[in-house]
Amino acid sequence: MGVAGDKLLTDKQVRGAAKKEKPYRLPDGRGLHLQVETTGSRLWRYRYEFGGNEKMLSLGAYPDVTLAQAREARDEARKLLDQGKDPSLERRLRRARGRADAADTFSILAKEWLEQRRGIWAAAHAKNVQASLDNHILPRFGRLPVREITVPMVLALIRDLEKANTPHMARMVRQRISAICVFAIASGLAENDPAAVIRGAMAPIAGDRHQPALTTLSGVREVLTAGEEQNAHGSTRLALRLLALTAVRPGELRGMRWDEVDGLEGDLPVWDIPEERMKMGVAHRVPLAPQAVAVLRAMRQLSGKGPLVFPSLRHAHKPLSANTIGYLLNRAGFAARHVPHGFRAAFSTVMNERHPADKPVIDLMLAHKPKDRIEAAYNRSERSVRRRELAGIWADLLLEGRPEARALIR
């Protein structure tokens, strides 16, 4: 029933509602109306407010939904509003819960999750994710409804990967199972993430006791991938990537200023770190690979109006907190295994193994203090061309399959 002042529709009016040159509405009271389109279709709509915003709920097409049925649906929606619930959201949740069992299986949800992210991932990375699903995850869980996957089941898979001497893959698999379970929770198809709680039960990967670091290429790629996939501010993810690409000390990155970067729009951009910000008190020049330039160009959207490239998330005039990147890596599962400083060890190990003849150049890129005067004189030449080449080689190795920098702002 309507309220005082409402003019209610009759069945005859609804049946006789004819198309016109423009769409029009026939109101029935309490937010319900019949929308008549230029094609002649007649659609029931319920207008309501929730959270201070006006919303519209579709109740079906006439004559499939009669006037009486439309009113009944409107009244049900009003009851939800009285309970503090959004009728549109409740409908989506009911539909999600009402899917056939096949639509609730882990394989279907994994496919939806992957397709949703293809737009921001590089093709090679999407291919790697698909391979890990096909080879390790879906054979175990693909046919199971996501709600039936338990913590012991996930842990058993992780233990098998660890026993197969693939600890890095074990961590990647856990992260992807967790991401898909979170996707299922958001879709109303699960209540828990069984992969989240086993993080602390995973076998550690050996690292340096003082500055723990994963120093294999697969290990450092795992660190970067996991860190960039964490729920964090875009500037934090970008800072992590630039730290890995440049192998500078974390403090040097946190204090980075826009006026230290030269030629950002040119072909040979460099980052000149002044001596007062360097550990050894000697100015340091960092030739920037294209991937590092992409990070800075993405950061310009976030901090380009201020002096600092990576300002504090709370105070724009202060640099990024010393703990921000470390906390990000801890959340990604690398506590006591890889710290922000560890990217320097990874760069040194990987690049010296691949390019042993370039050790003096690699040391120069790390701003290591020369051991003797002859080496010091050698380093003063700066070897800028080879440094830029090595920076590009390292960036290609590190970011193969990873999304572009701008995709980290989300």
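Residues numbered from 1 in each chain as written. Predicted model: local features only at pLDDT ≥ 70, side-chain atom pairs only at ≥ 80, totals over all residues. Heavy atoms only, no water.

Here we look at the pairing of strand S1 (residues 24–29)
Here S1 pairs with strand S2 (residues 32–36) via five bridges, running antiparallel. Its bridge partner being in S2, Pro27 is matched across the sheet by His33. The hairpin turn running from S1 into S2, its antiparallel successor, is two residues long, and Arg30 in that turn takes a positive phi close to 55°. (Pairing = 2+ DSSP bridges. Helix = DSSP H or I, 4+ residues; strand = E, 2+ residues; numbered from the N terminus.)

Notes on the sheet that holds strand S3 (residues 42–50)
In space, the four strands of this open sheet follow the order S1-S2-S3-S4, with antiparallel pairing throughout. In this open sheet, the two edge strands, each paired with only one partner strand, are S1 and strand S4 (53–62). This sheet shows a mean twist of 30° between the axes of neighbouring strands, independent of strand direction. In this sheet, S4 lies alongside S3 in antiparallel orientation, the contact comprising nine bridges. (Axes fitted to C-alpha atoms, helices over the stretch in contact; angles between N-to-C directions.)

What to know about empty space enclosed by the protein
A complete count under the given rule lists one cavity of 30 Å³ or more for this structure. Each pocket or cavity is described by its volume, and for the largest cavity that value is around 110 Å³. Every residue lining the largest cavity is counted, 14 residues in all, and those nearest its centre are Thr246, Val286, Pro287, Met365 and Ala391. Among the elements of the structure, helix H9 (234–246), strand S7 (284–287) and helix H16 (384–399) are those that each provide at least two residues to the lining of the largest cavity. No other element matches S7, which puts four residues into the lining of the largest cavity. For the lining of the largest cavity, the class distribution of residues is ten nonpolar, two polar and two charged. (1 Å grid on protein atoms, 1.4 Å probe; cavity = no way out; pocket = protein on both sides within 12 Å on 5 of 7 lines; lining within 4 Å. Points joined across faces, edges and corners; volume = space filled by probe spheres on them. Nonpolar A, V, L, I, M, F, W, Y, C, P; charged D, E, K, R; others polar.)

Details of the packing of aromatic side chains
The tally for this structure, following the rule as stated, stands at four aromatic pairs. When the ring of Trp44 is compared with that of Tyr62, the centres are 6.4 Å apart and the planes differ by 80°; the resulting orientation is edge-to-face. Separated by 18 residues along the polypeptide, Trp44 in strand S3 and Tyr62 in strand S4 bring together distant segments of the chain. Classification of Trp44 by relative accessible area gives buried; the value is 0%. When its relative accessible area of 17% is taken as the criterion, Tyr62 is described as buried. Note that Lys20 overlies the ring of Tyr24, its terminal NZ or CZ placed 4.4 Å from the centroid. (Phe/Tyr/Trp six-rings, centres within 6.5 Å; stacked < 30°, edge-to-face > 60°. Buried < 20%, exposed > 50% of the residue type's maximum accessible area, 1.4 Å probe, protein only. Lys NZ or Arg CZ within 6 Å of the ring centre and 35° of its normal.)

Focus on the layout of surface pockets
Space inside the largest pocket adds up to approximately 690 Å³. Taken together, 27 residues form the lining of the largest pocket, with Arg117, Ala179, Glu229, Gln230 and Asn231 sitting closest to its centre. Among the elements that make up the lining of the largest pocket, the one with the highest residue count is helix H7 (residues 167–186) (eight residues). Each residue belonging to the lining of the largest pocket can be placed in one class, and the counts come to twelve nonpolar, five polar and ten charged.

Points about the packing of helix H6 (residues 151–163) against H7
Running from N to C, H6 and H7 cross one another at 160°; their axes reach a closest spacing of 8 Å. As judged from the angle between their axes, H6 and H7 are roughly antiparallel. The crossing of H6 and H7 is right-handed. Residue-level contacts link Val154, Leu157, Ile158, Leu161 and Glu162 of H6 to Pro167, Met169, Ala170, Arg171, Val173, Arg174 and Ile177 of H7. Each residue belonging to the contact of H6 with H7 can be placed in one class, and the counts come to nine nonpolar, no polar and three charged. (Parallel < 35°, antiparallel > 145°, perpendicular 65-115°, else oblique. Left-handed = near helix turned anticlockwise from the far one by under 90°. Contact = heavy atoms within 4.5 Å.)

What about the pattern of salt bridges?
For the coordinates displayed, the defined rule picks out 22 salt bridges. The shortest N-O distance in the salt bridge between Lys55 and Asp86 comes to 2.5 Å. With Lys55 in strand S4 and Asp86 in the loop between helix H2 (67–82) and helix H3 (87–97), this pair connects stretches of sequence that are 31 residues apart. Taken together, the shared-partner salt bridges connect Asp28, Arg71, Arg74 and Asp75 into one network. (Salt bridge = Lys/Arg side-chain N within 4 Å of Asp/Glu carboxyl O.)

Describing the confidence of the model for the protein chain
Summarising the model, the protein chain shows a mean pLDDT of 85, and 89% of its residues fall at 70 or more. Averaged pLDDT values for the elements of the protein chain fall to 46 in helix H15 (residues 373–380) and rise to 96 in H9. Per-residue pLDDT stays below 50 along residues 1–5; that stretch engages in five contacts with residues further than four places along the chain or on separate chains. (pLDDT = per-residue confidence, 0-100.)

Topic: the sheet that holds S7
Reading across from one edge, S5-S6-S7 is the order of the three strands in this open sheet, with antiparallel pairing throughout. In this open sheet, the two edge strands, each paired with only one partner strand, are strand S5 (261–262) and S7. Inspection of the sheet shows S5 paired to strand S6 (residues 270–273) by two bridges, in the antiparallel sense. In the sheet register, Asp262 faces S6, and the bridge partner there is Val270.

Structural notes on the nonpolar core
Grouped burial of nonpolar side chains is what soluble globular proteins tend to show. Counting residues in each nonpolar core, the largest one holds 60 residues, and the members touching the most others are Leu296 and Phe310. Within the residue set of this core, elements represented by two or more residues are helix H8 (217–228), H9, S6, helix H11 (290–303), helix H12 (324–334), helix H13 (342–354), helix H14 (359–365) and H16. Not counting residues within four places of it along the chain, the set of residues in contact with Leu296 comprises Leu242, Met256, Trp258, Val261, Leu264, Leu288 and Val309. (Core = buried A, V, L, I, M, F, W, Y, C linked by side-chain atoms within 4.5 Å.)

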